[in-house]
Amino acid sequence: KQTLDILYEADIRGTQPLDILASRDVIEEGPDARPIREYTRELITGVSEHRRKIDELISTYAQGWDMDRMPAVDRNILRIALYEILWGIDIDDQVAASQAVLIAEEYSTDESAKYINGVLGRIIALKPSFAL
């Protein structure tokens, strides 16, 4: 959720996710402290480093949707899941896809959840053929 918030904000503002991450990471204690989880840092960094390939895969396998017309929340849920599926070490592909669907059900629409599940399913099936 924290990763989605940062990616979504960067997407909407047209800024870099790493810049949003840096502005949000207030370490000192007190009412303004906003610690960022280490896994959130890893996801934001990974999505940023692999964004071109991730977006290329979304554009290729999100049949019927142009990246610019896709809802920003759905686009960023897909980015997180694809990073986890293709470059994540400690997460199973099906778990990453399931979590993406659950997040879509909570923050987007039922149709989005089904659509995200279909896109991720296609990519998981074709994963062995990708040259990353």
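Check the entry above for the structure.
Now for a quick tour of the structure.

**Some details on the overall build of the chain**
Right, so step 1: In terms of helices and strands, the chain carries 7 helices and 0 strands.
Right, so step 2: What you see in the chain, going N to C, is helices and strands ordered as α-α-α-α-α-α-α.
Right, so step 3: Taken over C-alpha atoms, the radius of gyration comes to 15 Å for the chain, in line with the 14 Å a tight globule of 132 residues would show.
Right, so step 4: Within the chain, buried positions represent 42% of all 132 residues.
Right, so step 5: Looking at the chain alone, contacts between residues at least 24 apart form 64% of all its contacts between residues at least 6 apart.

**Considering helix H6 (residues 93-107)**
Right, so step 1: In this model, H6 (15 residues) spans 21 Å end to end at C-alpha, consistent with the 21 Å of a helix rising 1.5 Å per residue.
Right, so step 2: Within H6, burial applies to Asp93, Ala96, Ala97, Ala100, Val101 and Ala104. Burial along H6 is one-sided: seen end-on, the buried residues are contained in an arc of 135°.
Right, so step 3: Of the surrounding secondary structure, the elements contacted by the buried residues of H6 are helix H5 (72-87) and helix H7 (110-126).

**Remarks on the nonpolar core**
Right, so step 1: In terms of nonpolar packing, the biggest core is built from 40 residues, with Ile58 and Leu120 touching the most fellow members.
Right, so step 2: Elements that contribute at least two residues to this core include exactly helix H1 (2-13), helix H2 (17-24), helix H3 (38-49), helix H4 (51-61), H5, H6 and H7.
Right, so step 3: Those residues in contact with Leu120 that sit more than four places away from it in its chain are Leu78, Ala81, Leu82, Ile85, Ala97 and Ala100.

**A look at the packing of H6 against H7**
Between two packed helices, both the angle of their axes relative to each other and the distance between the axes serve to describe the pair.
Right, so step 1: Contact pair H6 / H7: the axes reach a minimum separation of 8 Å and the direction vectors enclose 165°. It follows from the interaxial angle that H6 and H7 lie roughly antiparallel. Our pair here, H6 against H7, has a crossing hand that is right-handed. Between H6 and H7, the contacting residues are Asp93, Gln94, Ala97, Ala100, Val101, Ala104 and Glu105 on the first element and Ser112, Ala113, Ile116, Asn117, Leu120 and Ile124 on the second.

**Quick notes on the pattern of salt bridges**
Right, so step 1: If you walk through the whole model with that rule in mind, you get 10 salt bridges.
Right, so step 2: When the shortest N-O distance is used, the salt bridge between Arg13 and Glu9 registers 3.2 Å. Of this pair, Arg13 and Glu9 are both found in helix H1, 4 residues apart, which corresponds to roughly one turn of the helix.
Right, so step 3: Residue classification places Arg13 among the exposed positions, given a relative accessible area of 59%.
Right, so step 4: In this structure, Lys53 engages Glu56 in a salt bridge whose closest nitrogen and oxygen atoms are separated by 3.4 Å. Of the two residues, Lys53 and Glu56 are both situated in helix H4; the distance of 3 residues between them amounts to about one turn of the helix.
Right, so step 5: The partly exposed category is assigned to Lys53, whose relative accessible area is 25%.

Basis of the calculations
Residues numbered from 1 in each chain as written. Predicted model: local features only at pLDDT ≥ 70, side-chain atom pairs only at ≥ 80, totals over all residues. Heavy atoms only, no water. Helix = DSSP H or I, 4+ residues; strand = E, 2+ residues; numbered from the N terminus. Rg over C-alpha atoms; globule rule 2.2 N^0.38 Å. Buried < 20%, exposed > 50% of the residue type's maximum accessible area, 1.4 Å probe, protein only. Contact = heavy atoms within 4.5 Å. Expected span 1.5 Å × (residues − 1). Arc of directions from axis to C-beta. Core = buried A, V, L, I, M, F, W, Y, C linked by side-chain atoms within 4.5 Å. Axes fitted to C-alpha atoms, helices over the stretch in contact; angles between N-to-C directions. Parallel < 35°, antiparallel > 145°, perpendicular 65-115°, else oblique. Left-handed = near helix turned anticlockwise from the far one by under 90°. Salt bridge = Lys/Arg side-chain N within 4 Å of Asp/Glu carboxyl O.

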